[in-house]
Amino acid sequence: MSLQNQAEIACNHWVAQVRSRSGSNVLIHIHRGAPIVAKDAMLIARKTANFGKVAGLSPVGPCSVHPDEDC
């Protein structure tokens with residue numbers, strides 16, 4: 001699922017796949033009590049994955065749709 005399609009999705013749990021500089025893949029689990037929108041989850045993943053590049057972001061479990069605040 002692309003980040004554009006996820007822009008309005010909010011979940012309490014996200015999984016980011018990171019490709020490290022050494023070539024291995026690492027999964028980062030992002031959990032929070034309140035829902036996190038996809039854009040913020042990607043920002044958290046990028047800051048956490050300073051050892052490589054975020055290759056993907058996937059919601060886990062039940063999610064909700066939040067209207068885009070830029071409109």
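Use the structure listed above.
Quick caveat: nothing in here was measured; it's all calculated off a predicted structure.

The rules behind these values
Residues numbered from 1 in each chain as written. Predicted model: local features only at pLDDT ≥ 70, side-chain atom pairs only at ≥ 80, totals over all residues. Heavy atoms only, no water. Helix = DSSP H or I, 4+ residues; strand = E, 2+ residues; numbered from the N terminus. Buried < 20%, exposed > 50% of the residue type's maximum accessible area, 1.4 Å probe, protein only. Contact = heavy atoms within 4.5 Å. Areas by Shrake-Rupley, 256 points an atom, 1.4 Å probe, with all protein chains shown as cover. Disulfide = S-S within 2.5 Å. Arc of directions from axis to C-beta. Polar contact = N/O pair within 3.5 Å; in protein donor to acceptor, adjacent residues only side chain to side chain.

Draft legend 1. Summary view of the overall build of the protein. Each helix and strand counted, the protein has two helices and four strands in total. Helices and strands appear in the protein in the N-to-C order α-β-β-α-β-β. Buried positions account for 28% of the 71 residues belonging to the protein. Contacts in the protein between residues at least 24 apart in sequence constitute 58% of all its contacts with a sequence separation of at least 6. Counting every atom, the protein has about 4,900 Å² of accessible surface; 53% of that belongs to carbon and sulfur.

Draft legend 2. Geometry of the state of the cysteines. This model, assessed by the stated rule, comprises one disulfide. Between the sulfur atoms of C11 and its disulfide partner C63 the distance amounts to 1.6 Å. One disulfide, between C11 and C63, carries an S-S torsion of 105 degrees and so falls in the right-handed class. Pair noted here: C11 is in strand 1 (residues 9-20) and C63 is in strand 4 (residues 63-65), with a separation of 52 residues, a long-range link. Note on C63: relative accessible area 37%, which makes it partly exposed.

Draft legend 3. Molecular detail of helix 2 (residues 38-48). Those residues of helix 2 that sit buried are A38, A41, M42 and A45. Along the axis of helix 2, the buried residues cluster in a sector spanning 100 degrees; they form a single face. Residues of helix 2 that are exposed and angled more than 90 degrees away from the buried face: K39 and K47.

Draft legend 4. Layout of the side chain of S20. Within the secondary structure, S20 sits in strand 1. One polar contact links S20 to S22, side chain to side chain, over a distance of 3.0 Å. When neighbours within four sequence positions are excluded, S20 is seen to be in contact with F51 and G52.

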